[in-house]
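Analysis of the macromolecular model
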Amino acid sequence: MKKILLLTTISGLALVGCSSSQINMSMGNMRLITSSAAPQDVMNFANAACKNDFYQGASFLSKAGKEYRFKCVKAEENEILTPIPGTTLSADTSAQTASK
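Residues numbered from 1 in each chain as written. Predicted model: local features only at pLDDT ≥ 70, side-chain atom pairs only at ≥ 80, totals over all residues. Heavy atoms only, no water.

**Focus: unusual backbone geometry**
Filter applied, for reference: Helix and strand labels come from DSSP, where a helix needs a run of H or I of at least four residues and a strand needs a run of E of at least two; each type is numbered from the N terminus. Any residue under 20% of the maximum accessible area for its type is buried, any over 50% is exposed, and the rest in between are partly exposed; the area is computed with a 1.4 Å probe on protein chains only.
Positive phi, normally seen in glycine, also occurs at phenylalanine 54, with a value near 70°. With respect to the secondary-structure elements, phenylalanine 54 resides in the loop between helix H2 (39-52) and strand E3 (57-64). Exposure remark for phenylalanine 54: the relative accessible area of 75% places this residue in the exposed category.

**A closer look at the packing of aromatic side chains**
Condition: Stacked, tilted and edge-to-face are the three classes assigned to paired rings of Phe, Tyr and Trp, where Trp is represented by its six-membered ring and a pair needs centres within 6.5 Å; plane angles under 30 degrees give stacked, over 60 edge-to-face, the rest tilted.
Tallying each qualifying case throughout the model produces two aromatic pairs. The interplanar angle of 65° and the centroid separation of 5.9 Å between the aromatic rings of phenylalanine 60 and phenylalanine 70 together place this pair among those described as edge-to-face. Note that phenylalanine 60 is positioned in strand E3 and phenylalanine 70 in strand E4 (residues 67-73), a separation of 10 residues in sequence. As far as the burial class goes, phenylalanine 60 and phenylalanine 70 line up, both buried. Summarising the aromatic geometry, the rings of tyrosine 68 and phenylalanine 70 are spaced 6.4 Å apart at their centres and angled 20° between planes, so their arrangement reads as stacked. Phenylalanine 70 shares its class with tyrosine 68; the two are buried. In textbook terms, an aromatic cluster arises when at least three aromatic residues are bridged by ring pairs, as seen for Phe60, Tyr68 and Phe70.

**As for the environment of methionine 27**
One can find methionine 27 in strand E1 (residues 21-27). Distance in space between the C-alpha atoms of methionine 27 and lysine 71 is 9.8 Å, their sequence separation being 44 residues.

Pasting the structure below:
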């Protein structure tokens, strides 16, 4: 049983290591991200990238193939954070949105 759990964990980590996300374009508050990861991972990556640039989070705009377009949102602009359909925003981002 322990061997099965160990193999499952290792193979899961190997699969996570195979996906990649990178920012191809960053112009103002717009971000173009190319990713082979799952949509939830892309949403988390976009939120982290926008937060690193002093924004509240990322709002999904569109998807074309493996390219995702996001708009970074500031809290004082009273804009709504929109997740990729089928994904969720992290708890701290959605709590900040609800309190504004």
